[in-house]
Amino acid sequence: KDIQKRIKSYIKNVEADIIIFSDFRHGIFNSSSIPDLVKAIPKKIIKVADSQVASRWGNILDFKNFDLILPNEKEARFSLADQDSAVRQLGTKVFNQSKAKFLILKLGERGTITFRKSALHPRDFFPLESLVKKFTDGIGAGDALLAVATLGLIVSKNIVISSILGSVAASIACENRGNKSIDTKDLIYKIKDIFNSKN
């Protein structure tokens, strides 16, 4: 309780454009702490959430009314207890139930689908194939996508641009062994490489 109170106080007073809640289920986030911590976020700050389902069970639907959420397919299926829906239908359900402004559904080697607006019309979906040329190691790909897509959203205010930049960053992570940091030069080099290979 004391730690939660300190975190809440920090969130209330932080000067930032964005707050990311990255839930690895190690004790900070739970059903009672999440609403309390979310209430502390100042209105002008963009809210982003990511929740892991691997060694422990997090649920992305615990993070309601966020600006951006980024579940992978397994995390989306877990949140709805849905093993059967096609990925677009699955993403639409999570998008609507979470009441998120934007959702990037991570599909591994199949790329991503970005959901926006009502998720009822074809223009509300933005599928993007994987940009990985030679897969080496997937460690850090989700984190790279989250970080760069979030920064892209602050600057561009455009979720399509943001999801493309995030996918570029994820592809760089997948083409390198280990959890390598990605800088602007890496992104520019990869974007030029993608552009040249398409022409």
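So, here is what we can say about the structure in this document.

Scoring rules and cut-offs
Residues numbered from 1 in each chain as written. Predicted model: local features only at pLDDT ≥ 70, side-chain atom pairs only at ≥ 80, totals over all residues. Heavy atoms only, no water. 1 Å grid on protein atoms, 1.4 Å probe; cavity = no way out; pocket = protein on both sides within 12 Å on 5 of 7 lines; lining within 4 Å. Points joined across faces, edges and corners; volume = space filled by probe spheres on them. Helix = DSSP H or I, 4+ residues; strand = E, 2+ residues; numbered from the N terminus. Nonpolar A, V, L, I, M, F, W, Y, C, P; charged D, E, K, R; others polar. Core = buried A, V, L, I, M, F, W, Y, C linked by side-chain atoms within 4.5 Å. Buried < 20%, exposed > 50% of the residue type's maximum accessible area, 1.4 Å probe, protein only. Contact = heavy atoms within 4.5 Å.

**Quick notes on the layout of surface pockets**
- In this structure, the largest pocket spans a volume of roughly 700 Å³.
- The wall of the largest pocket is formed by 34 residues, among which N72, K106, G108, A141 and G142 lie closest to the centre.
- Contributions of two or more residues to the lining of the largest pocket are made by β1 (18-23), β2 (46-51), α3 (73-80), α5 (141-156) and α6 (159-174).
- Classifying every residue of the lining of the largest pocket gives twelve nonpolar, twelve polar and ten charged.
- By volume, the second largest pocket amounts to about 150 Å³.
- Taken together, V148, L151, G152, V155, S156, I161, L165, T184, L187, I188 and I191 form the lining of the second largest pocket.
- Among the elements of the structure, α5, α6 and α7 (184-198) are those that each provide at least two residues to the lining of the second largest pocket.
- Tallying contributions element by element places α5 first for the lining of the second largest pocket, with five residues.
- Taken together, the residues of the lining of the second largest pocket break down into eight nonpolar, three polar and no charged.

**Brief notes about the nonpolar core**
- Counting 30 residues, the largest nonpolar core has F21, F63, I69 and V94 as the members making the most contacts within it.
- Contributing elements (two or more residues each) for this core: β1, α2 (33-39), α3, α4 (87-98), β4 (102-106) and β5 (112-116).
- Counting residues per element, this core draws most heavily on α4, which supplies four residues.
- Ignoring sequence-local partners within four residues, the contact set of F63 consists of F21, D23, F29, I34, A49, S51, I69 and S98.
- Judged by nonpolar contacts, the second largest core, of 26 residues, contains F102, A141, I172 and L187.

**Comments concerning the environment of V38**
- You can see V38 is positioned in helix α2.
- Expressed as a C-alpha distance, the spacing of V38 and N65, which sit 27 residues apart in the sequence, is 9.6 Å.
- With sequence-adjacent residues up to four places away left out, V38 is seen in contact with F21, K47 and F66.

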